[in-house]
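Residue strings, one per chain:
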Amino acid sequence: MTDRLPPLTALRAFDAAARHMSFSKAAAELNVTPAALSFQIKSLEEHLEAPLFRRLNRAVELTDAGRALAPGAADGFTALSAAWRAARRTVDQSTLTVTAGPAFTAKWLAPRLFDFAQDHPGIELRFSATLRLMDFTRDDVDVAIRFGFPREEEGLFSRPIISEWMTPMMSPALAEQFPEPSDLARAPLLHQDDTRNFTPAFDWPAWFRAAKLPPRFASGARFSQADHALDAAVAGGGVVLARASLAERDIREGRLVMPYKLALTTQAHYRFVCPEGAENRPQVSAFLEWLSAETATLKQLGEGMSFVDAAEVAE
């Protein structure tokens, strides 16, 4: 017996058969005949000098040797696939896959897609709207835009792109009914869960403390997604303590107004994240440059606002 690795095709055939526990299903996955797959596995067993499967009547099961080999074979092919995808991305300069949260994608990224496409006709931009943790070695993603507190992430390039702030926003009709901050004592309030667990708190009670107003009980409609709360506010369903980045277009186009000049700030921010070194790839660099220019308009939106850090009014 030798430590020399067997042919990759034989290991691939074994991996498929071990996952399906069926030679015919494994052969279909690999687009080969069952006889060809069986030959590959037999050659692997000869290389090992021990059987990997017990051939039963219309079924197979792993031997002790097969059970020892299966996890490593699966992990190996997963790692190879990830490495191959990563290698392909380094030479691909025409596509860019970006992941961001559903609310940020719907309210900020998607409405600007046409502008980016016009400025960069040679780049095909693809979106993946999700909040799950990214693994750049596993997922077919080039760039992640994430909202949260600053942190160091080994092996990743990370740059803040939006410093966030929140202020009460409502439809113009509701603003006529509640012209002063104290009027919020009788206004229907909308709540969103995406920032409720921040420390320090970044929510209605914190804003009321910053405004030196009596607290209100957390009654009113609650939304798990910030964009849904904004849509409800646009429809006149209540007053939302909204993040400026997500509401910018609704504010500029008059669907929402900010009648009060007090806003909460937080150390949490949106950041641009990619594997270290990938920021120099042409399409990634172009996207980061475009993002930086687009997000600069948020500074104009905050002109005339009085900002209070949520940490200063924390309980």
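Caption draft 1: Representation of the nonpolar core. Counting 45 residues, the largest nonpolar core has F104, L109, I145, F272, F287 and L291 as the members making the most contacts within it. By residue number, the principal contributor to this core is helix α10 (residues 282-295), which donates six residues. Residue-level mapping places this core at the junction of two domains, with at least three residues from each of domain 2 (92-161 + 270-295) and domain 3 (165-268 + 298-313). Counting 24 residues, the second-largest nonpolar core is a separate cluster that includes F178, L241, L264 and V313.

Caption draft 2: Representation of the packing of helix α5 (residues 102-119) against α10 within the structure. Look at α5 against α10: their axes get within 11 Å of each other, and the N-to-C directions meet at 120°. For the element pair α5 / α10, the angle class is oblique. Crossing hand, α5 versus α10: right-handed. Touching W108, L109, R112, D115, F116 and D119 of α5 are A286, F287, W290, L291, E294 and T295, all from α10.

Caption draft 3: Looking closely at the domain arrangement of the protein chain. Taken domain by domain, the protein chain comprises domain 1 (8-90), domain 2 (92-161 + 270-295) and domain 3 (165-268 + 298-313). Computed over C-alpha atoms only, the centres of domain 1 and domain 2 are separated by 36 Å. Contact with domain 1, which involves five residues of that partner, is made by nine residues of domain 2. Of all residues in domain 1, R85, R89 and T90 bury the most surface against domain 2, accounting for 81% of the area lost on that side. Applying the counting rule to domain 1 against domain 2 returns zero salt bridges. On inspection of domain 1 and its partner domain 2, the count reaches zero residue pairs in polar contact (both at pLDDT 80 or more).

What counts and how
Residues numbered from 1 in each chain as written. Predicted model: local features only at pLDDT ≥ 70, side-chain atom pairs only at ≥ 80, totals over all residues. Heavy atoms only, no water. Core = buried A, V, L, I, M, F, W, Y, C linked by side-chain atoms within 4.5 Å. Buried < 20%, exposed > 50% of the residue type's maximum accessible area, 1.4 Å probe, protein only. Helix = DSSP H or I, 4+ residues; strand = E, 2+ residues; numbered from the N terminus. Domains from an automatic or database assignment. Axes fitted to C-alpha atoms, helices over the stretch in contact; angles between N-to-C directions. Parallel < 35°, antiparallel > 145°, perpendicular 65-115°, else oblique. Left-handed = near helix turned anticlockwise from the far one by under 90°. Contact = heavy atoms within 4.5 Å. Buried area = accessible area lost by both parts, 1.4 Å probe. Salt bridge = Lys/Arg side-chain N within 4 Å of Asp/Glu carboxyl O. Polar contact = N/O pair within 3.5 Å; in protein donor to acceptor, adjacent residues only side chain to side chain.

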